[in-house]
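# Report on the structure
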Amino acid sequence: MEKIKGTKCEFGYIQKQKTFQSLMLLLFVAVGVGLFLTGLLITGTRANIFTVLGILMVLPAAKRIIALVVMVPRKSVDKERYDQMQETVAEEGILYTDYVFTSPDKIMSFDFLIIQNQNVMGILSEKKQEEAYILEYLQKGVDSQASGYRVKLFSTDEEFYKFYRRLTEGSSKQERDEEYMAKQDKVSEYLKILAV
């Protein structure tokens, strides 16, 4: 099922979700219409249990419509770009891609979200997003999970690579204590749960 549905925060997730949610929507609509027509043919009237069951198919179909509203305006990152980012991020870094998340007010997305050296770095997927709102929302959430983490947003890959080189410059792979790893895991888990 994961092959068809996709895995949150992994390459190709948005595209797989668009396909999966569209197919599920069509399935629920077909089942609902099928139930209604079956009841109509069997009883000769619309007032039957099959009509009720057909109408109930609207609920899971509505859930699929909402998922499509969130995903359709967005697109998955290119494979070449993903490979380059994966190659750049060090072994101790955590890389999420096709990252879509919501707040009570907005739907937001990143092409990439990287967690490393007590930094959460996001590359915005759309230029029209309110960076200040996203920064405040994420920083507040990350602070609730682990203190000392800094959230940084970038509009382009080039801005990120420039910052990342400075962040990792001169630092070799070092031993991380249990507290550091526990904090990173907690932040990582929070951000994964936050994703749609």
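First, a word on what this report is: a plain description of the structure on this page.

## With respect to the nonpolar core
Grouped together as the largest cluster of nonpolar side chains are 24 residues, with contacts concentrated most on Tyr99, Phe110, Val120 and Leu191. Elements supplying a minimum of two residues to this core: strand 1 (94–102), strand 2 (107–116), strand 3 (119–124), helix 6 (131–145), strand 4 (150–154) and helix 8 (178–194). Once you skip the residues sitting within four places of it in the chain, Phe110 turns out to touch Asp98, Tyr99, Phe101, Gly122, Ile123, Leu124, Ser125, Ile134, Leu138 and Leu153. Residues Phe112, Phe154, Phe160 and Tyr161 belong to the second largest nonpolar core, which totals 14 residues.

## Notes on the pairing of strand 1
Of all nine residues in strand 1, seven are buried; the element is thus mostly enclosed. Sheet analysis places strand 1 next to strand 2, joined by eight bridges and oriented antiparallel. Across the sheet, the residue bridging to Thr97 is Phe112, located in strand 2.

## Some words on the side chain of Arg74
Within the fold, Arg74 resides in the loop between helix 4 (58–71) and helix 5 (79–88). Assessed through its relative accessible area of 8%, Arg74 is described here as buried. Residue contacts for Arg74: discarding those within four places in its chain leaves Ile14, Lys18, Val100, Ile107, Met108, Ser109 and Glu126.

## Side note on unusual backbone geometry
Of note, Asp98 is a non-glycine position whose phi angle comes to about 50°, a positive value. Residue Asp98 is classed as buried on the basis of its relative accessible area, which comes to 1%. Even without a glycine there, the phi angle at Gln118 is positive, about 60°. On the basis of relative accessible area, Gln118 is assigned to the partly exposed category, the value being 27%.

## As for the sheet that holds strand 3
Spatially, 1-2-3-4 is the arrangement adopted by the four strands of the open sheet, whose pairing is mixed. Looking at which strands have only one partner, the edges of the open sheet turn out to be strand 1 and strand 4. Pairs of neighbouring strands in the sheet enclose a mean axial angle of 30°, with direction left out of account. Judged from the six bridges that link them, strand 2 and strand 3 form a sheet pairing that is antiparallel. Within strand 3, the position partnered with Phe112 by the bridge is Ile123.

About the thresholds
Residues numbered from 1 in each chain as written. Predicted model: local features only at pLDDT ≥ 70, side-chain atom pairs only at ≥ 80, totals over all residues. Heavy atoms only, no water. Core = buried A, V, L, I, M, F, W, Y, C linked by side-chain atoms within 4.5 Å. Buried < 20%, exposed > 50% of the residue type's maximum accessible area, 1.4 Å probe, protein only. Helix = DSSP H or I, 4+ residues; strand = E, 2+ residues; numbered from the N terminus. Contact = heavy atoms within 4.5 Å. Pairing = 2+ DSSP bridges. Axes fitted to C-alpha atoms, helices over the stretch in contact; angles between N-to-C directions.

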